[in-house]
Amino acid sequence: MFLSMNWIADFVDLTGLDRLDLIHRFSLSTAEVENEIFMKGSDLSGVVVAEIKSVEPHPDSKKLHLLKVDIGEENLVDVVCGAPNVRVGMKTAFAKVGATLGEITITPRPLAGFMSNGMCCSEKEIGISDDHSGIMDITDDVPNGTDIKDVYAIDDIVFEVDNKSLTNRPDLWGHYGIAREFAALAGRELKPLPTADLSAYDSLPKVDMKIEDPLCQRYSCLQVENISVSVSPVNMRIRLFYCGMRAINFLADLTNYLMLEMGQPMHAFDSRKVEKIRIKRFEKPFVFQTLDGVNRNIDKNTLMICNDNTPVAIAGIMGGLDSEIVDDTTTLTLESATFDAVSIRKSTVRLAHRTDASMRYEKCLDPEMTVPAIARFVELLTSVDSGVKVVSSLTDEYAYRYDKITLDFDKAFVDKYTGIEIDSDTILKTLKSLGFEAKKDGDNFTVGVPSWRATKDVTIKADIIEEITRIYGYDNFDIHTSRAPLYPVRPYEEKTVEDKIKDILVKRYSLHELHSYIWAYYDEYKALGIEVADNIKLINATNPNIETIRRSIVPTQLVQVRSNVGFAPEFGIFEIGRTVNGLKDDGLCDEHKKLCITLYSKTNSVETLYFRLRDMLCVLSSDIKHKELSFKATQPEYNYEHPRNLNEIYCDGVPLGKMGIVFPSVAKKIDKKAAIVFAEIDIADFAKIETAPIVYDEPSKFPGIDIDISFVSDIFAPIGDAIREAKCALIKNVQVIDTYSDETGKSITTRLTFSHPEKTLTRDEVMEIVNGIIEKLQKNGIALKQ
């Protein structure tokens, strides 16, 4: 948002103050000012008011004219001019010989065979508007030869404030609110806004207006007629242009001027087209044409301003084309209102149309501003067009009022939070300068929050501390170490588990940690042939590629692997990130934090990679929870999961997630010669598992016995189950030492380590246990390898 120091100076006496320093202090205390500050008019000199005394056509050109111009000197000046609007008696801006217009210096020069001793200027050429359709037409009664800067407020300092830093300050979206900040910073008084006395029109009939929807908080309106002025005063047009708006016509410019001055958007309807104002929503959708000529789809959630049942404007966003102010408009109905901020924001997103008005309404405007804005409008209107007649009384319906906020605190509270000594008088003076109703009783303060700060900004005592300290100046604080008690904080279990997981995966396995967004990127998934799982979607997403929230991190990591296949022939990545599985019963997202690991290799087989990943998971469980994992075959849920070797992961009987191999059609699109495996577990479920105590067994003094057994089986799970069901305390360790595949099938060689704490075991004692395990497995169809 662009701001004019001349405009601010209307409400604060800045005499004797360094305006650039004030802008710097404003940036430190209130809102971020962009780096570039514009010194308007500084590159303009030698331009005066001149009167055209004669106009002769150029003998060799249909566009050029030969002029004689009175610039207030003894002799008339000869000028060649191509503007289409030149006429005898017209006064215009004239750049004399030696004048500067930006980087251009005016010199006498021949033009189409005739000497031109200066230049008649358009408003664009002297930098006060974008109008270059003709030379500037000065209608004010000004002596010839008067410097144009003495006539109009061209010299100005304009600075830009970052809109994001004003999001929580709806009062700063107009010059008057900014002026209040400058007054507090400079220690000067804020002048009241000159406004008309609307009570003078109380005897007039009211406008037929009714709020029919609670989304309209307050609606104020007034009718005026006999408007004769159609072009705005030059100084008004200059201020609008400097602040980034173009002049349209007097009435439209005046509503824009009020919006930039007070932060209150206003709209003027042609009274011939609006007789019964109704504010409501419609049950059925329809198409509505706005002022910019665009047809927009209106749904049942969009609030409309209507002439009885005919829509004439989208509330808080833009008026309709059929009710706009045109050049022959002489009677208008003026609207000044506030609407529900969330409703306006959602409507702008649905319509994909954000305006200067909607940006302000989205910030929770103060409903108390609607009537003062109308009073200010009438004041400015009548000062320019004295023949204007108000033909209605102020019609005002106040449907929603914000609660009055009063905060109580003491001097000790301020000292504690600031860490410095700010005297009570300074506190009181600062708060009053910002518009707060502040009272002091000893060391106790009672502060009433003004309406323009109470919509969402100042709500707690800490907010008052911010107000005091920012005006006092953060750069005025003494630098010292604060003293406060520090208490040890025990990190919650889930965070502790996360940190341990990261340490193990990085330090022991050299995996790379990644961070990604929560979106299911449609284009990237499509490139790999991965279907985007149906899930929560963003309403009115501006980019369909990030419309859906992901259910799993695995596709995200497959996309990341594809982007890094040239990094190394073998690598592993992991992330602890968020996923969402639809909605919960309370309507909120069912959000989960998950660990996802993906391994990629061109040098190892899928089997080697798969068991490496299994070992990683087992180590995580063993080191962190001191418990073993178990695996159970499961069916694929997504098209990137291979149905073979897809296993669900369990710990203590709790399902944690799954691990598997990437389906060949997806893997080929990443790398045709690489093996890719993945695993994903739920961090919260894993963290909830009770950590087993560490048990120390005294090693036996006697030698143990290792028995290797080969079983014909594709999977180890039933073998492990049979060994556990034997419940033999002599079995100290179970290890898969080899797998072998031939034409008869796959075999798994398992090593059982036996040991007794008090004696050396005999082979017969050991084989009795082994034979029992073999017999149980044979009953389940798992035979010994012959």
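Because the structure is a prediction, the values reported are computed rather than measured.

Novice: Provide a residue-level description of the pairing of strand E6 (residues 91–101), including the pertinent values.
Specialist: Regular strands place their side chains on alternate faces of the sheet. In this sheet, E6 lies alongside strand E3 (residues 44–57) in antiparallel orientation, the contact comprising 7 bridges. Bridged to Ser 45 within E6 is Thr 100. Examined bridge by bridge, E6 and strand E10 (residues 119–121) share 3 bridges and lie antiparallel to one another. Considered in E10, the bridge of Ala 95 is made with Met 119. Here E6 pairs with strand E7 (residues 104–105) via 2 bridges, running antiparallel.

Novice: Lay out the side chain of His 642 in plain terms, naming residues and giving numbers.
Specialist: Inspection of the secondary structure puts His 642 in the loop between strand E30 (629–633) and strand E31 (647–651). When neighbours within four sequence positions are excluded, His 642 is seen to be in contact with Ile 661, Val 662, Phe 663 and Pro 664.

Novice: I'd like to hear about the environment of Lys 688, residue by residue, with values.
Specialist: If you trace the backbone, Lys 688 turns up in helix H18 (residues 683–688). The exposed category is assigned to Lys 688, whose relative accessible area is 67%. Between the alpha carbons of Lys 688 and Lys 625 there is a distance of 10.0 Å; along the sequence they are 63 residues apart.

Novice: Which residues make up the environment of Phe 26, and what values go with them?
Specialist: Secondary-structure assignment places Phe 26 in helix H2 (residues 19–29). The class of Phe 26 is buried, set by a relative accessible area of 0%. Not counting residues within four places of it along the chain, the set of residues in contact with Phe 26 comprises Ala 31, Val 33, Phe 159, Val 161, Ile 178, Glu 181, Phe 182 and Leu 185.

Novice: Describe the sheet that holds strand E26 (residues 444–448), naming the residues involved and giving the relevant values.
Specialist: A sheet is described by the order of its strands in space; here 3 strands give the open sequence E24-E26-E25, paired in antiparallel fashion. Two strands lie at the open edges of the sheet, namely strand E24 (406–410) and strand E25 (437–441), each paired on one side alone. The mean angle between the axes of side-by-side strands here comes to 15 degrees, regardless of whether they run parallel or antiparallel. The pairing of E25 with E26 spans 5 bridges and is antiparallel.

Novice: Quick rundown of the pattern of salt bridges? Include the residues and the values.
Specialist: Counted under the stated rule, the structure contains 49 salt bridges. Its salt-bridge partner being Glu 73, residue Lys 96 comes within 3.8 Å of it at the nearest N-O pair. Pair noted here: Lys 96 is in strand E6 and Glu 73 is in the loop between strand E4 (65–70) and strand E5 (77–81), with a separation of 23 residues, a long-range link. On the accessibility criterion, Glu 73 (46% relative accessible area) is partly exposed. Notably, a salt bridge pairs Glu 498 with Lys 593, separated by 2.8 Å at the nearest N-O pair. Residue Glu 498 is found in helix H13 (residues 493–508), and its partner Lys 593 is found in strand E29 (residues 589–601); the two are separated by 95 residues along the sequence. By relative accessible area, Glu 498 is classed as buried at 6%. Judged by relative accessible area, Lys 593 falls into the buried class, the value being 13%.

Novice: How would you summarise the packing of aromatic side chains if you had to cite specific residues and measurements?
Specialist: This model, assessed by the stated rule, comprises 20 aromatic pairs. Ring centres 6.4 Å apart and planes at 50 degrees place the aromatic pair Phe 241 and Tyr 242 in the tilted group. Arranged with centres 5.4 Å apart and planes meeting at 15 degrees, the rings of Phe 409 and Phe 445 form a pair that is stacked. With Phe 409 in strand E24 and Phe 445 in strand E26, this pair connects stretches of sequence that are 36 residues apart. With a relative accessible area of 6%, Phe 409 lands in the buried category. Here a set of aromatic residues connected by ring pairs shows up, and it is made of Phe 409, Phe 413, Tyr 417 and Phe 445. One cation-aromatic arrangement involves Lys 461 over Phe 413; the distance from NZ or CZ to the ring centre is 4.7 Å. The residue whose ring lies beneath Lys 625 is Phe 686, and the NZ or CZ to ring-centre distance is 6.0 Å.

Novice: Report on the nonpolar core, specifying residues and quantitative values.
Specialist: A general trend in soluble globular proteins is that nonpolar side chains are found buried together. In this structure, Phe 159, Tyr 219, Ile 279, Ile 305 and Phe 339 are the most contacted members of the largest nonpolar core, which totals 115 residues. Residues in contact with Tyr 219, not counting those within four places in the same chain, are Met 209, Ile 211, Phe 269, Ile 277, Ile 279, Ile 305, Glu 335, Ser 336, Ala 337, Thr 395, Asp 396 and Glu 397. One finds Val 497, Leu 505, Ala 675 and Ile 681 within the second-largest nonpolar core, a separate group that totals 32 residues.

Novice: I'd like a description of the domain arrangement of the protein, backed by residues and values.
Specialist: As far as domains go, the protein holds domain 1 (2–40 + 157–186), domain 2 (44–154), domain 3 (198–398), domain 4 (406–476), domain 5 (493–688) and domain 6 (705–779). Taking only C-alpha atoms, the centre of domain 1 and the centre of domain 6 are 82 Å apart.

Novice: Before we move on, could you go through the sheet that holds strand E19 (residues 310–314) and cite the residues and values that matter?
Specialist: Sheet strands associate in pairs through backbone hydrogen bonding, adopting either a parallel or an antiparallel arrangement. With respect to topology, 5 strands assemble into an open sheet ordered E12-E15-E18-E19-E20, the strand pairing being mixed. In the strand order of this sheet, the two ends are held by strand E12 (208–211) and strand E20 (318–319), each with one partner. Of the strand pairs in this sheet, strand E18 (residues 304–307) and E19 are connected by 4 bridges, and their pairing is antiparallel. Each bridged residue has a counterpart across the sheet, and for Ile 305 the counterpart in E19 is Ala 313.

Quick notes on the rules
- Residues numbered from 1 in each chain as written.
- Predicted model: local features only at pLDDT ≥ 70, side-chain atom pairs only at ≥ 80, totals over all residues.
- Heavy atoms only, no water.
- Pairing = 2+ DSSP bridges.
- Helix = DSSP H or I, 4+ residues; strand = E, 2+ residues; numbered from the N terminus.
- Contact = heavy atoms within 4.5 Å.
- Buried < 20%, exposed > 50% of the residue type's maximum accessible area, 1.4 Å probe, protein only.
- Axes fitted to C-alpha atoms, helices over the stretch in contact; angles between N-to-C directions.
- Salt bridge = Lys/Arg side-chain N within 4 Å of Asp/Glu carboxyl O.
- Phe/Tyr/Trp six-rings, centres within 6.5 Å; stacked < 30°, edge-to-face > 60°.
- Lys NZ or Arg CZ within 6 Å of the ring centre and 35° of its normal.
- Core = buried A, V, L, I, M, F, W, Y, C linked by side-chain atoms within 4.5 Å.
- Domains from an automatic or database assignment.

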